[in-house]
Amino acid sequence: MEKLDYSNAHHGSHRFRTITVTGNGKLETKPDYAELQIEVRTESRDVSEAQRQNAAKMNQVIQSLLALNIDRNDIQTSFYNVTPAYDYVEGKRIFRGYEVTNAITVKIRNITEVGVVIDTAIKNGANAISQLTFKLENEENYYKGALQLALQNANEKAQALAVSLRLSHLPLAIEIVEESVSGPILYKTVAMSAETGSTPIEQGTIMIEATLRVKYQY
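Model, not experiment: these values are computed from the prediction. (Residues numbered from 1 in each chain as written. Predicted model: local features only at pLDDT ≥ 70, side-chain atom pairs only at ≥ 80, totals over all residues. Heavy atoms only, no water.)

Participant: Any details on the sheet that holds strand β6 (residues 128–135)? Residues and values, ideally.
Facilitator: If you trace the 4 strands from one edge of the open sheet to the other, you get β4-β5-β3-β6, paired in antiparallel fashion. If you trace the sheet from one side to the other, it starts and ends with β4 (75–89) and β6, each paired once. The average angle at which neighbouring strand axes cross in this sheet is 20°, direction not considered. With 11 bridges connecting them, strand β3 (residues 33–44) and strand β5 (residues 92–108) associate as antiparallel partners. Paired with Leu36 across the two strands is Val106, which belongs to β5. The sheet contacts of helix α1 (residues 47–66) involve β3, β4 and β5, and relative to β3 the element is tilted by about 150°. Running at roughly 160° to β6, helix α2 (residues 114–123) makes contact with β3, β5 and β6 of the sheet. (Pairing = 2+ DSSP bridges. Helix = DSSP H or I, 4+ residues; strand = E, 2+ residues; numbered from the N terminus. Axes fitted to C-alpha atoms, helices over the stretch in contact; angles between N-to-C directions. Contact = heavy atoms within 4.5 Å.)

Participant: So what about the environment of Glu178? Which residues, and what values?
Facilitator: Examined against the element boundaries, Glu178 turns out to sit in strand β7 (residues 172–178). It is 8.0 Å that separates the C-alpha atoms of Glu178 and Ala210, two residues lying 32 residues apart in sequence. In contact with Glu178, not counting residues within four places along its chain, are Tyr143, Leu147, Thr211 and Leu212. A polar contact of 2.3 Å, which involves the side chain of Glu178, links it to the side chain of Tyr143. (Polar contact = N/O pair within 3.5 Å; in protein donor to acceptor, adjacent residues only side chain to side chain.)

Participant: Any chance you could break down the pairing of β5 for me, citing the residues and the numbers?
Facilitator: Note that β4 and β5 share 14 bridges and pair antiparallel. Across the sheet, residue Asp87 finds its bridge partner in β5, namely Ile94. Taking the residues that link successive antiparallel strands as the turn, the β4-β5 hairpin has 2 residues, and the phi of Glu90 there is positive, at about 50°.

Participant: So what's going on with helix α3 (residues 139–164)? Residues and values would help.
Facilitator: Over its 26 residues, α3 extends 38 Å from the first C-alpha to the last, a length consistent with the 38 Å expected when each residue adds 1.5 Å. Tyr143, Gly145, Ala146, Ala150, Asn153, Ala154, Lys157, Ala158, Leu161 and Ala162 are the residues of α3 that are buried. Just downstream of α3 lies Arg166, where phi reads positive at about 55°. (Expected span 1.5 Å × (residues − 1). Buried < 20%, exposed > 50% of the residue type's maximum accessible area, 1.4 Å probe, protein only.)

Participant: Could you give an account of the packing of aromatic side chains, with specific residues and numbers?
Facilitator: By convention here, two paired aromatic rings are described through the distance between centres and the angle between planes. Scanning all chains against the criterion turns up 2 aromatic pairs. Considering the side-chain rings of Tyr86 and Phe95, the 5.9 Å spacing of their centres and the 70° angle between planes classify their relative orientation as edge-to-face. The exposure class assigned to Tyr86 is partly exposed, which follows from its relative accessible area of 29%. Members of the aromatic cluster, each reached through a chain of ring pairs, are Tyr86, Phe95 and Tyr98. In this arrangement the basic side chain of Arg93 is found over the ring face of Tyr86, its NZ or CZ atom lying 4.1 Å from the centre. Just above the ring of Tyr33 sits the side chain of Lys107; from NZ or CZ to the centre is 4.3 Å. (Phe/Tyr/Trp six-rings, centres within 6.5 Å; stacked < 30°, edge-to-face > 60°. Lys NZ or Arg CZ within 6 Å of the ring centre and 35° of its normal.)

In structure tokens, the structure reads:
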């Protein structure tokens, strides 16, 4: 969206006018990798038993992921919690036991295997899959490209205004301000092949957007 700000400024005894234009740049690309969180929850009246069961199940999950050729360095612990669990009967709190929750974050470099990873984890003892995100390895490079497009867009707007105002020369950029950005977002989805029989995952593409506010003197 274009935002114009017509104003007058002084530089010594010289008087000049300025135009402020908003330039937008967008790049769309496919994600490089996916990240998801896998949780294993166990419960027992004995805290040591709950921890033992949890460790055994999580180890089984991790071994199944390693068997899918996921690098050990791409599997990291997200959190580990031990909390008492209660039932509520007729308004009274009754101790049920201890719940142990262990979560790992897995980086999946081959995005087509996301569904297989989810199914494998569940089959080997995982209770929940959460926080599935698609990301870019070199996000900063894409953002720099979007910035260049944003400046190009601003220049085109300034040139169009120069024609409309019948200026004898092109406006000169004297100030460039980078607007705040929300970061890359999943833009549109493309369903993965269901022929594998695994959990269907929508891979999608990622949109990187940059916005510049450019002030021109003319």
